[in-house]
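An overview of the molecular structure
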Amino acid sequence: MIDIKVLREKAQEMKENILLRNLDLEKYNIDLILEIDRKRRERQKILDELKSERNKISQEIGKKTGEEKNELIKKAKELKEEIDKLEKEFESLEKEMHKYLWQLPNFLLPETPKGKDEKDNIEIKKWKEPKIFSFPPRDHLELALMNDLIDFERGSKVTGSNFYYLKNEAVILEFALFQFIIDQLLPEGFKIFITPDLAKNEILDGIGFQPRGPETQIYRIEETNLGLIATAEITLGGYHKNEIIDETELPLKYLGFSHCFRTEAGAYGRYSRGLYRVHQFSKAEIFIFCKPEDSKKMHEYILSLEEKIFQKLDIPYRVIDICSGDLGAPAARKFDIEAWMPGRGEYGEVTSCSNCTDYQARRLNIRFRRLTGEVEYVHMLNGTAIAISRALIAILENFQQEDGSIIIPEVLHPYTLGIKEIKPKRKALKNFT
RNA sequence: GGAGAGGUGGCCGAGGGGUUUAAGGCGCUCGCCUCGAAAGCGAGUAGGCUGAAAAGCCUCGUGGGUUCAAAUCCCACCCUCUCCGCCA
């Protein structure tokens, strides 16, 4: 959420911000917000004076008796009516202002590249060239079928389309990847969590997800105020809701494991094939709460951890600096890592890390107390440590052999119970695609 | 799921319509005392909104209600504890 005090100062900047994000300025009612705010403050001044008078009279009443007392009660009753009327007006103004403020996107960081949509995202780094195969590489879906690793048909039968069972070595790989991630991040000082897979609407909303509506990404639990989380960002971010953290405890570095559920409404298509876009997957998520002056540094730090993970897995990737028009509302800046996916013949997103500055902190009321005593909002950042589904695509496709077998990345060997290679259980499928 | 008890400041804990715009204690900070420390003594110790400031207003789990006045009374919900039931 944007602070009304900040908006008063930076209304023009917010308008430019909205345009840079390729959003419709008309929908955000900036001038209206300022007008409501003006009225609201005017009302509050009058209201506070009336209340002050009422409080004084009420206290007097307690001390007096008889005629004097009745006289005061009469006066107080009149005041009460006036206050009630003004208060209703004030509350509706405040509610309206809050509603509009809640909808505003975060301010961009100046470093965020300007651009209209994903075509304007900037590749800022490339690690290793895509591997050249001496045979036509298969995509992960075919490899998964040959090696009996994923069962989409039965996932569909039992739950619905785009649900799946992971089987056999794919299961070993999920646990191995998670164990690998713990080994990477525990020495970095991360605290590890397994979070709830559900969260209250107010938390979902606070992080910046829309729990309802036609375009919601969130599965809702009927007759409750709960939704299935789309990422542990939600539960890790909500962890400190309404808290004031001691400066000395910052930065708080968290690693959370959870299942992720996404409706992916209207997202079917060319790139949704197989594991790339599914309704449920497991993910390890990095989350950092830090001081405002540290958040840029922390953002780079998360990216460096993500890079290290893919370097150790030995998967070629590139780093994308997401442009203003392609950012979600909470993010002030965002980096994605895209891994090379030979089956698609192109890079595909495998991680994403965002600096949300104080946007989520305001919505969730998460602050910290400086040694000097001042209380301020924290900055909150999140990033993917590993998303199993996408990581599996990258591993299967990059480490495939001509016969359809898969070499397991060496760095995972300590966690795969001696399995170093996955051998096909059935022959290559003719005319598979 | 059923029955009972309870949710008060960083923590413990009193208060059950007006002298509490929250007693007392612990913790923490500062000062006095001391060579130094402990003890003792004194002072200070939540957040938000409005305001240039002085100050005012709001917050006793959350949301409604009653009242001139609510931590205190009423209703709903949430959470915690104890006992019972069920259960991985």
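Sequence order as written defines the numbering, with residues in each chain counted from 1. For this description, chains carry letters from A and ligands carry numbers from 1, given in the order in which they are written. Given that this is a predicted model, residues contribute local features only at a pLDDT of at least 70 and side-chain atom pairs are listed and counted only at 80 or more, while totals for whole chains, interfaces and linings are drawn from all residues. Water and hydrogen atoms were dropped before computing side-chain values, which therefore reflect all heavy atoms in the structure.

**A closer look at the sheet that holds strand 7 (residues 244-246)**
The cut-off we apply is this: DSSP-based pairing: two strands are paired if at least 2 bridges between them are found. Helix and strand definitions follow DSSP, with helices as H or I runs of at least four residues and strands as E runs of at least two, each counted in order from the N terminus. Axis lines are fitted through C-alpha atoms, for helices just across the contact stretch, and the angle between N-to-C directions can take any value from 0 to 180 degrees.
With respect to topology, three strands assemble into an open sheet ordered 7-13-14, the strand pairing being mixed. If you trace the sheet from one side to the other, it starts and ends with strand 7 and strand 14 (375-377), each paired once. When the angles between neighbouring strand axes are averaged without regard to direction, this sheet yields 35 degrees. Bridging between strand 13 (residues 367-369) and strand 14 involves three bridges; their strand directions are antiparallel. Pairing of F368 across the sheet is with E376, part of strand 14.

**Describing the packing of aromatic side chains**
The line we're drawing: Only the six-membered ring of Trp is used, alongside the rings of Phe and Tyr, when aromatic pairs are assigned; centres must lie within 6.5 Å, and planes under 30 degrees apart are stacked while those over 60 apart are edge-to-face, with the rest tilted. Accessible area is worked out with a 1.4 Å probe on protein chains only. A residue is then buried under 20% of its type maximum, exposed over 50%, and partly exposed in between. Consider the ring centre and the ring normal. A charge sits over the ring if Lys NZ or Arg CZ is within 6 Å of that centre and within 35 degrees of that normal.
One pass over the full model with this rule turns up eleven aromatic pairs. Centre to centre, the rings of W127 and Y317 are 5.5 Å apart; their planes meet at 15 degrees, and the pair counts as stacked. On the criterion of sequence distance, the pair formed by W127 in strand 1 (residues 122-127) and Y317 in strand 10 (residues 317-321) is long-range, its members being 190 residues apart. Each member of the pair, W127 as well as Y317, is classed as buried. Where Y239 meets Y254, the ring centres are 5.6 Å apart and the plane angle is 85 degrees; that geometry is what we call edge-to-face. Residue Y239 is located in the loop between helix 9 (232-238) and strand 7, and its partner Y254 is located in strand 8 (residues 252-261); the two are separated by 15 residues in the primary sequence. Overall, Y239 belongs to the partly exposed group, its relative accessible area being 44%. Through pairs of rings, three or more aromatic residues link up here, namely F193, Y239, Y254, F287 and F289. Over the face of the ring belonging to Y276 we find R344, whose NZ or CZ atom lies 4.0 Å from the ring centre. The ring of W102 carries R363 above its face, with NZ or CZ at 3.9 Å from the centroid.

**As for helix 7 (residues 169-185)**
The test is simple: A helix is expected to span 1.5 Å multiplied by its residue count minus one.
Counted at 1.5 Å a residue, the expected span for helix 7 with its 17 residues is 24 Å, and the 24 Å between its end C-alpha atoms agrees. Buried residues dominate helix 7, accounting for twelve of its 17 residues. Within helix 7, burial applies to E169, A170, L173, E174, A176, L177, F178, F180, I181, I182, Q184 and L185.

**Some points on the protein's contact with RNA strand B**
Definition in use: We call a residue near a molecule or strand whenever a single non-hydrogen atom of that residue lies within 4 Å of it. Under the rule applied, a polar contact is a pair of N or O atoms within 3.5 Å (in protein, one hydrogen donor and one hydrogen acceptor; residues adjacent in sequence only if both atoms are side-chain atoms). Residues are grouped as follows: nonpolar covers Ala, Val, Leu, Ile, Met, Phe, Trp, Tyr, Cys and Pro; charged covers Asp, Glu, Lys and Arg; every other residue, Gly included, is treated as polar.
The local shell around RNA strand B holds 21 residues, among which R41, Q44, S58, I61 and K77 are the closest. Atoms of RNA strand B within 4 Å of the protein: sugar and phosphate make up 76%, bases the balance. A distance of 3.0 Å separates a sugar or linking oxygen of RNA strand B from a polar side-chain atom of R367. Broken down by secondary-structure element, the contributors of at least two residues to the surface near RNA strand B are helix 1 (4-9), helix 3 (30-63), helix 4 (66-103) and strand 13. When residues of the surface near RNA strand B are assigned to their parent elements, the largest contribution, eleven residues, is made by helix 3. Residues belonging to the surface near RNA strand B are distributed by class as follows: four nonpolar, five polar and twelve charged.

**Focus: the packing of helix 3 against helix 4**
Condition: Here the angle decides the label: under 35 degrees means roughly parallel, over 145 means roughly antiparallel, 65 to 115 means roughly perpendicular, and every other value means oblique. Each crossing is labelled by how the near helix is turned from the far one, with a counterclockwise turn of less than a right angle marking it left-handed and a clockwise turn marking it right-handed.
It is the contact of helix 3 with helix 4, at a shortest axis distance of 8 Å, that shows an interaxial angle of 155 degrees. It follows that helix 3 is roughly antiparallel to helix 4 by the angle criterion. The two elements helix 3 and helix 4 cross, and the hand of that crossing is left-handed.

**Topic: the environment of I182**
Along the chain, I182 turns up in helix 7. On the basis of relative accessible area, I182 is assigned to the buried category, the value being 17%. Placed 73 residues apart in sequence, I182 and L255 show a C-alpha to C-alpha distance of 8.3 Å.

**A closer look at the side chain of N201**
So the rule is basically this: Every residue pair with non-hydrogen atoms within 4.5 Å of one another is taken to be in contact.
As for its position among the elements, N201 is in helix 8 (residues 201-207). Those residues in contact with N201, other than ones at most four positions away along the chain, are P211, R212, R220, N225, L226 and G227.

**Some details on the side chain of E307**
You can see E307 is positioned in helix 10 (residues 295-313). Exposure remark for E307: the relative accessible area of 8% places this residue in the buried category. A polar atom in the side chain of E307 sits 2.6 Å from the side chain of Y317. Among all residues touching E307, those that are not within four sequence positions of it are K125, Y317, V319 and I337.

**With respect to the pairing of strand 10**
Along a regular strand, successive side chains alternate from one face of the sheet to the other. With four of its five residues buried, strand 10 lies for the most part within the structure. Relative to strand 10, strand 1 runs antiparallel, the two being bridged by five bridges. Within strand 10, the residue paired with E123 across the bridge is I320. Pairing between strand 10 and strand 11 (residues 333-341): five bridges, direction antiparallel.

**Some details on the pattern of salt bridges**
Threshold: Between Lys or Arg on one side and Asp or Glu on the other, a salt bridge is scored when a side-chain nitrogen of the former is within 4 Å of a carboxyl oxygen of the latter.
This structure, assessed with the given rule, holds 35 salt bridges. One salt bridge connects D3 with R362, and the closest N-O pair in it is separated by 3.5 Å. Separated by 359 residues along the polypeptide, D3 in the segment before helix 1 and R362 in helix 11 (residues 359-364) bring together distant segments of the chain. With a relative accessible area of 22%, D3 lands in the partly exposed category.

Purely spatial values, then, with no claim about function.
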